[in-house]
Amino acid sequence: MKTLLLGNESVARGLYEAGVRFVSSYPGTPSTEITEFAATYPEIYAEWAPNEKVALEGALGAAIGGGRSFCGMKHVGLNVAADPLFVTAYTGVGAGMVIGVADDPGMHSSQNEQDSRHYAIAAKLPMVEPTNSAECRSYTKIAYEISEKFDTPVILRLTTRVSHSRSPVEVGARTEHEIAPYVKEPGKHVMMPANAKKRHYVVEEHLAALAEFAETTELNTVEENGTPIGIITAGNCYNYAKEAFGGNASYLKLGLLNPLPKQKILDFAAKHEQIIVIEELDPVIENHCKALGLTVTGKDVLPLCDEYSEELLRSRLLGIEPDYAEVGAAIPGRPPVLCPGCPHRGVFYTLAKLKLRVSGDIGCYTLGAVPPLSAIDSVYCMGASISSLHGTCKVRGEEDKYVAVIGDSTFMHSGLTGLVNVVYNGGNTTTLILDNSITGMTGHQDNPLTGKTLMGTPAPNLSLEDICASLGVPRDHIRAVDPNNLAELEAVVKEEVAAPCPSVVICRRPCALLKSVTKKPPIQVDPEKCVGCKNCMKIGCPCISVVNKKATVDQSMCVGCGLCEQMCKFGAL
Amino acid sequence: MKKNIMIVGVGGQGTLLASKILGRAAMDSGLDVKVSEVHGMSQRGGSVVTYVRVGDEVYSPVIGRGDADVILSFEILEAARWLPHLKPGGTIVTSTQEINPMPVITGAAEYPEGLADDMKALGVDVRAYDAPAIAAAAGSARASNVALIGLAADVLGFDLAVLRDAVAACVPQKALDVNLCAFDAAIARAAENKNA
């Protein structure tokens, strides 16, 4: 009996069936649900680590310890985890280990569009990529077989459309893998030069064996339709190609992305007049084909940027344009906004009002950059708010007034070391930690500050105040405020920005979407008192609009946070 | 049968439940199906779209321009935004609900008026209903998503009993009665509209 599973849910099913015992991940769209679903199986120990590097190292330790392990992350998380990633090829694993990495072509929820296939090549690790939910399950299981057969971690590459699509899956039973006895092997696991030098030869031997495996594995399949056109593709691009070309092309679908087969590709190419390589982002398969001496159609007609679609392939490869209608009226955009009652709203209103330069970070609060708040100057990557601001302050001195803004989970992920750097190197930046008691953007995951683990067990309540004090921020410059109390927030931010030392302002209020947060009655407008000054609109709340020169509050959306009340000078709200 | 269905709306309106129901109905009809969802940042009050593709064999999880048989829209501006995805001869079933996007709230843009008529003038089969009102009359405006499925039932291509069972299987138990009531009321409302 088939069930409709999300790609990520099906990966988790594969982990369960493969007998995986240990999962450690950091949430990141579009990878998050793998770990959330894995945690629903009692046979699997699953945890959120503070960041991807810690997660990958945990998974390595579990595999070395003899239990099949997994860690999941989004593409940019692999940058954070790259240090242990590269060394794992040298050490190999004990029990099987798989690293799930979800790329985001089209950048639905990311700061860049990097192609993780380069990591597999650079780190010399095998990589597999499924095309649908059924393969998410089966390829995950095959990845563990490859991992143990070749003594190497395997990267399972996903993309947004595979991770976040549901399609039918036939599920199976779990096969237990007993914990292997521990063997001390310093030559394999102590990566100092003398040992690592020897291991590099082993890595190359593994890769050569994998290259042979690539010629015969069931992961690489040929669909021969006796056509002049032969398409070489992988992942979700296979789906687009099948829709656009159907039986008018033959297909070499690559499920093993590293190493790529050679003879298999040459044999396929020999049977077709034209070879088209269809792959999103970088020309990895295309360059491999060209290195084999083949002439192929690829990035000369298909783009390097953005995700592909059936429509794109029809247009670029078949010259068929869609037939469609559109209304003449200009359709206003609908960008995402901070939710009604969001505790970050007051923070960004205040920072904009004080005309501070704001070094932002990754999370829901990145939305503080969009109009009308427009409060953020820069957002780079996890943790960069504090560390990049430190550099700016060192070169510009006191000329301008700045603050760094970072969420609670992001601070634990990679903000700590930035703050240490500020303290150590005599910076005096002010850091606002937006503590909304949850990892918000990825859909409410617990973190080391929430007092609860992924599996629902209680965890020690770490104190942000104590952590910052222990890092060297003076106690009297660690201030906690309720960001919905605008007057207090403004006063505290002003004082701490003026302070001649590192300072931290903890803006503490739970995410308005948390079930534990009780909504207040919606705000009412007194039309007698409202003068239509639009001051309440400055906070960028989606509930408020001005109709016929009077403010109105959407009663179905408003959660009664009271921010607009504080904005009104006429007592109309 | 082969149907490309898009569910469009504003983040937080309950489009994911609607796609879950349609996916379930497809599975129960013995068909292949792919449902592509939006997670992450755009859910925060942004324009959201879910693709549901049903047929004997489905590969792509998304639907391009000029390729949707049905667009199920939770908000009229979103119906107009996604209109280019409708196939010539396709049908839009939309709620008349209007939710101002931030550029309208800040005064940077205006919410266009008469969008349903504009689309009809292009020869598009547009069926606009006050879905929240239909759901509210059945017990709760929160059942608007299920009401919309009922309003579009005749063009979705599923057997009505299968669709109703899918609703029952997907909505939370405590809200089951209200949702089935909204579904039935929507079916009746769509039938009246057809006869009118």
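Residues numbered from 1 in each chain as written. Chains lettered and ligands numbered in written order. Predicted model: local features only at pLDDT ≥ 70, side-chain atom pairs only at ≥ 80, totals over all residues. Heavy atoms only, no water.

A. Fine view of the overall build of chain A. Scanning chain A for helices and strands turns up 20 helices and 20 strands. A compact globule built from 573 residues would reach a C-alpha radius of gyration of about 25 Å, and chain A, at 27 Å, matches this within 12%. Here the C-alpha coordinates of chain A stretch approximately 80 × 65 × 50 Å along the principal axes. Contacts spanning at least 24 positions in sequence make up 74% of the contacts within chain A whose residues lie at least 6 apart. For chain A, the exposed area adds up to about 22,500 Å²; of that, 55% sits on carbon and sulfur atoms. The positive charge centre, built from 52 side chains, and the negative charge centre, built from 64, are 4 Å apart in chain A. (Helix = DSSP H or I, 4+ residues; strand = E, 2+ residues; numbered from the N terminus. Rg over C-alpha atoms; globule rule 2.2 N^0.38 Å. Contact = heavy atoms within 4.5 Å. Areas by Shrake-Rupley, 256 points an atom, 1.4 Å probe, with all protein chains shown as cover. Lys, Arg positive; Asp, Glu negative; His and termini not counted. Charge placed at Lys NZ, Arg CZ, Asp CG, Glu CD.)

B. Representation of the nonpolar core. Formed by 64 residues in total, the largest nonpolar core has its most connected members in Phe 348, Leu 351, Val 405, Phe 411 and Leu 432 of chain A. Leu 432 of chain A has contacts with Val 347, Leu 351, Val 403, Ala 404, Val 405, Ile 406, Val 493, Val 505 and Cys 507 of chain A, leaving out every residue within four places of it along the chain. One finds Leu 4 of chain A together with Ile 5, Ala 26 and Ala 186 of chain B within the second-largest nonpolar core, a separate group that totals 46 residues. (Core = buried A, V, L, I, M, F, W, Y, C linked by side-chain atoms within 4.5 Å. Buried < 20%, exposed > 50% of the residue type's maximum accessible area, 1.4 Å probe, protein only.)

C. Local environment of the side chain of Asn 436 of chain A. All names here are of chain A. In this fold, Asn 436 is placed in the loop between strand 16 (430–435) and helix 18 (464–470). Of the residues examined, Asn 436 reaches a relative accessible area of 6% and is grouped as buried. Excluding residues within four positions of it along the chain, Asn 436 makes contact with Pro 343, His 344, Asp 408, Arg 509, Pro 510, Cys 511 and Leu 514.

D. Structural context of the packing of aromatic side chains. Tallied over the full model, the rule gives 6 aromatic pairs over all chains. Each member of the aromatic cluster is reached from another via a ring pair, and the members are Tyr 238 and Tyr 251 of chain A together with Tyr 59 of chain B. Over the ring of Tyr 238 of chain A we find Lys 253 of chain A, and its NZ or CZ is 5.4 Å from the ring centre. (Phe/Tyr/Trp six-rings, centres within 6.5 Å; stacked < 30°, edge-to-face > 60°. Lys NZ or Arg CZ within 6 Å of the ring centre and 35° of its normal.)

E. Spatial organisation of the interface of chain A and chain B. The partner chain B presents 54 residues to the 55 residues of chain A that form the contact. Of the roughly 4,400 Å² buried at the junction of chain A and chain B (both faces included), carbon and sulfur atoms supply 62%. Of all residues in chain A, Arg 166, Pro 332 and Arg 334 of chain A give up the largest surface area on contact with chain B, accounting jointly for 18% of the area buried on that side. Taken together, the links from chain A to chain B amount to 5 salt bridges. Among the ionic pairs, Glu 311 of chain A bridges to Arg 65 of chain B, the shortest N-O distance being 2.7 Å. Remark: the boundary between chain A and chain B carries 14 residue pairs in polar contact (both at pLDDT 80 or more). At the level of elements, strand 1 (2–6), strand 8 (165–170), helix 11 (236–245), helix 14 (310–318) and strand 19 (544–547) of chain A are the ones that each hand at least two residues to the side of chain A that touches chain B. Considering each element in turn, the side of chain A that touches chain B owes the most residues, 6 residues, to helix 11 of chain A. Its residues assigned to classes, the side of chain A that touches chain B shows 27 nonpolar, 17 polar and 11 charged. Pairing analysis gives 2 bridges linking strand 8 of chain A to strand 2 (residues 32–36) of chain B, with the strands arranged antiparallel. (Buried area = accessible area lost by both parts, 1.4 Å probe. Salt bridge = Lys/Arg side-chain N within 4 Å of Asp/Glu carboxyl O. Polar contact = N/O pair within 3.5 Å; in protein donor to acceptor, adjacent residues only side chain to side chain. Nonpolar A, V, L, I, M, F, W, Y, C, P; charged D, E, K, R; others polar. Pairing = 2+ DSSP bridges.)

F. How the structure looks around the pattern of salt bridges. Under the counting rule described, the total for this entry stands at 40 salt bridges over all chains. For the salt bridge of Arg 157 of chain A with Glu 129 of chain A, the shortest nitrogen-to-oxygen distance reads 3.2 Å. Highlighted residues: Arg 157 of chain A in strand 7 (residues 154–159) and Glu 129 of chain A in the loop between strand 6 (127–128) and helix 7 (133–149), separated in sequence by 28 residues. Between Asp 125 of chain B and Arg 127 of chain B there is a salt bridge, with its nearest N and O atoms 3.1 Å apart.

G. Layout of the sheet that holds strand 12 (residues 256–258) of chain A. All names here are of chain A. The 7 strands lie next to each other as 3-2-4-5-7-6-12, forming an open sheet whose pairing is mixed. Of all strands in the sheet, those with a lone pairing partner are strand 3 (45–48) and strand 12, marking the two edges. Direction of pairing for strand 2 (residues 22–25) relative to strand 4 (residues 69–74): parallel, over a ladder of 2 bridges. Residue pairing for strand 4: Phe 22 is matched across the bridge by Ser 69.

H. The arrangement of the environment of Cys 507 of chain A in detail. All names here are of chain A. Note that Cys 507 resides in strand 18 (residues 503–508). On the basis of relative accessible area, Cys 507 is assigned to the buried category, the value being 2%. Once the C-alpha coordinates of Cys 507 and Arg 479 are considered, the two residues, 28 residues apart in sequence, prove to be 8.5 Å apart. Other than its neighbours up to four places away in sequence, Cys 507 contacts Val 347, Leu 432, Ile 433, Leu 434, Asp 435, Val 481, Pro 483 and Leu 489.

I. Looking closely at a positive patch on the surface. Taken together, the side chains of Lys 515 and Lys 519 of chain A together with Arg 142 and Lys 174 of chain B present a region of like positive charge at the surface. Topologically, Arg 142 of chain B is positioned in the loop between helix 5 (131–138) and helix 6 (144–151). Arg 142 of chain B gets classed as exposed once you look at its relative accessible area, which sits at 77%. (Patch = residues over 30% accessible without salt bridge, like charges linked within 9 Å, V, L, I, M, F, W, Y side chains within 5 Å.)

J. Broad picture of the sheet that holds strand 15 (residues 402–407) of chain A. Residues and elements named next belong to chain A. Across the sheet, 5 strands lie side by side as 14-15-16-18-17; this open sheet has parallel pairing. The sheet is open, and its two borders are formed by strand 14 (357–359) and strand 17 (478–481), each paired with just one other strand. Averaged over all pairs of adjacent strands, the angle between strand axes in this sheet comes to 25°, irrespective of strand direction. Contacting strand 14, strand 15, strand 16 and strand 18, helix 15 (residues 344–353) crosses the sheet at an angle of about 155° to strand 16. Strand contacts of helix 16 (residues 384–396): strand 14, strand 15 and strand 16, with the helix running at about 170° to strand 15, the strand carrying the most contacts. (Axes fitted to C-alpha atoms, helices over the stretch in contact; angles between N-to-C directions.)

K. Examining the environment of Trp 82 of chain B more closely. Secondary-structure assignment places Trp 82 of chain B in helix 2 (residues 76–82). Apart from the residues lying within four places of it in its own chain, the contact partners of Trp 82 of chain B are Met 6, Val 8, Ser 47, Val 48, Val 49, Tyr 51 and Ile 71 of chain B.

L. Local environment of the pairing of strand 17 of chain A. Of the pairings in the sheet, the one linking strand 17 of chain A to strand 18 of chain A comprises 4 bridges and is parallel in character. Within the sheet, the bridge partner assigned to Arg 479 of chain A lies in strand 18 of chain A and is Val 505 of chain A.

M. Structural context of unusual backbone geometry. Residue and element names in this part refer to chain A. For the peptide bond that leads from Asn 258 to Pro 259, omega is -5°, which places it in the cis range. Checked against the element boundaries, Pro 259 lands in the loop between strand 12 and helix 12 (263–270). In the segment running from Pro 371 into Pro 372, the intervening peptide bond is cis, with an omega of 5°. Relative to the helices and strands, Pro 372 is located in the loop between strand 14 and helix 16. Phi at Asp 306 takes a positive value of approximately 70°, unusual for a residue other than glycine. When its relative accessible area of 43% is taken as the criterion, Asp 306 is described as partly exposed. Of note in the backbone geometry, Lys 549 takes a positive phi value of approximately 65° without being a glycine. Positionally, Lys 549 belongs in the loop between strand 19 and strand 20 (550–553).

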